[in-house]
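Working through the structure, step by step
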Amino acid sequence: MKKNCILLLLLFICAACSKEDEPKPLFSYPVEEEETAVIDKMYEVTMRREIPFPFAAYVMRLSNGRDVYMIRYRYNRDLREGESIRYRVFSFCTDEIAVLNGTELGDGSDAVSAGTEQTRGLVASDPTEAYVRDIFDMKIRYSLTFLPIDTWFIELDNGTLVYVKKSKLNLELKAGDHIVYNVYTLSPNEVLAIKKLD
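From a predicted model like this one, the values you see are computed outputs, not experimental measurements. Along each chain, the written sequence defines residue order, and numbers are assigned to residues from 1. Local features are withheld for residues below a pLDDT of 70 in this predicted model, meaning they are given only at 70 or higher, and side-chain atom pairs are given and counted only at 80 or more; totals for whole chains, interfaces and linings count all residues. Computation of side-chain values: all heavy atoms of the structure, hydrogens and water removed.

**Section: the overall build of the protein chain**
Heads up, the rule is: In this description a helix means any DSSP run of H or I spanning at least four residues, a strand means any run of E spanning at least two, and both kinds are numbered starting from the N terminus. The contact definition used throughout considers only heavy atoms, calling two residues in contact when any of these lie within 4.5 Å.
Counting secondary structure elements, the protein chain contains one helix and 11 strands. Secondary structure of the protein chain in N-to-C order comes out as α-β-β-β-β-β-β-β-β-β-β-β. Contacts in the protein chain between residues far apart in sequence, at least 24 positions, make up 57% of those at least 6 positions apart.

**A short note on the confidence of the model for the protein chain**
Test applied: The predictor rates its confidence in each residue with pLDDT, a number between 0 and 100.
Summary statistics for the protein chain give a mean pLDDT of 82 and a share of 73% for residues scoring 70 or more. Note that pLDDT drops below 50 for residues 18–27; the model gives that stretch one contact with residues more than four away or on any other chain. pLDDT under 50 marks residues 113–119. Its contacts with residues more than four places away, or in other chains, come to seven contacts.

**Regarding the sheet that holds strand 11 (residues 191–196)**
For clarity, the threshold we go by: Between any two strands, at least two bridges found by DSSP are needed for them to pair. In this analysis an axis means a line fitted to C-alpha atoms, helices contributing only their contacting stretch, and an angle means the value between N-to-C directions, from 0 to 180 degrees.
The sheet built from five strands is open, its strands ordered 9-8-7-10-11 with antiparallel pairing. Each of the sheet's edge strands pairs with one partner strand only, and the pair in question is strand 9 (161–165) and strand 11. Recorded for the sheet is a direction-independent mean angle of 35 degrees between the axes of neighbouring strands.

**Observations regarding the packing of aromatic side chains**
When we look at a pair of aromatic rings, we describe it by the centre distance and by the angle of the planes. We apply this condition: Side-chain rings of Phe, Tyr and Trp, where Trp is taken by its six-membered ring, are said to pair if the distance between their centres is within 6.5 Å; with planes under 30 degrees apart they count as stacked, over 60 as edge-to-face, and otherwise as tilted. Whether a residue is buried, partly exposed or exposed follows from its accessible area with a 1.4 Å probe, protein chains only, as a fraction of its type maximum: under 20%, in between, or over 50%, in that order. Only when the NZ of Lys or the CZ of Arg is both within 6 Å of the ring centre and within 35 degrees of the ring normal is a charge said to sit over the ring.
Under the counting rule described, the total for this entry stands at six aromatic pairs. Aromatic side chains Phe55 and Tyr73 sit 5.6 Å apart centroid to centroid with 45 degrees between the ring planes, which places their arrangement in the tilted category. Here Phe55, found in strand 2 (residues 53–62), pairs with Tyr73, found in the loop between strand 3 (67–71) and strand 4 (84–89); they are 18 residues apart in sequence, far enough to count as distant. For Phe55, a relative accessible area of 4% corresponds to the buried category. Through successive ring pairs, a cluster of aromatic residues spans Tyr43, Phe136, Tyr142, Phe153 and Tyr163. Over the face of the ring belonging to Phe136 we find Arg61, whose NZ or CZ atom lies 3.9 Å from the ring centre. Positioned above the aromatic ring of Trp152 is the side chain of Lys166, whose terminal nitrogen or guanidinium carbon lies 4.4 Å from the ring centre.

Okay, structure coming up:
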């Protein structure tokens, strides 16, 4: 009986060892389930992931009612309004696309060192006046950490989209408000200061 138990145990061990598993990455970001939607509205913006390196990004308002953004550097083609997409978001930042149409977008960590020589440009632009056309909010990662930050996105009357951390905005904005703001010259969509005009 003891001999049979040992043989049975060895058989299970051999079966487990012979199973070929897929190689797993050392670390991967958790993502949600895949969704499909049509891009109702799309903006091309520049975002910072780590100072001072800027990333080209898309901010999209989708037919399923979601607002999402994606860092573009790993996606090798342009998107257009009206296009249908398949996407998954990060589970820790549900407004950031992790996988788009089967392409993993990454988090930008492998591109940060490539742009660190661009240390100038973190200076404020001249003040700009505009009217608010629309405003919506999302959670954005400003660093490679998992912590997303509440952020307002403001569409201006000229079609430009700017964004500002909610903690920096101490006024209430709505469509039609006349504002003056300035941005970083290197990151022209990120608002440094904003004021409502009478």
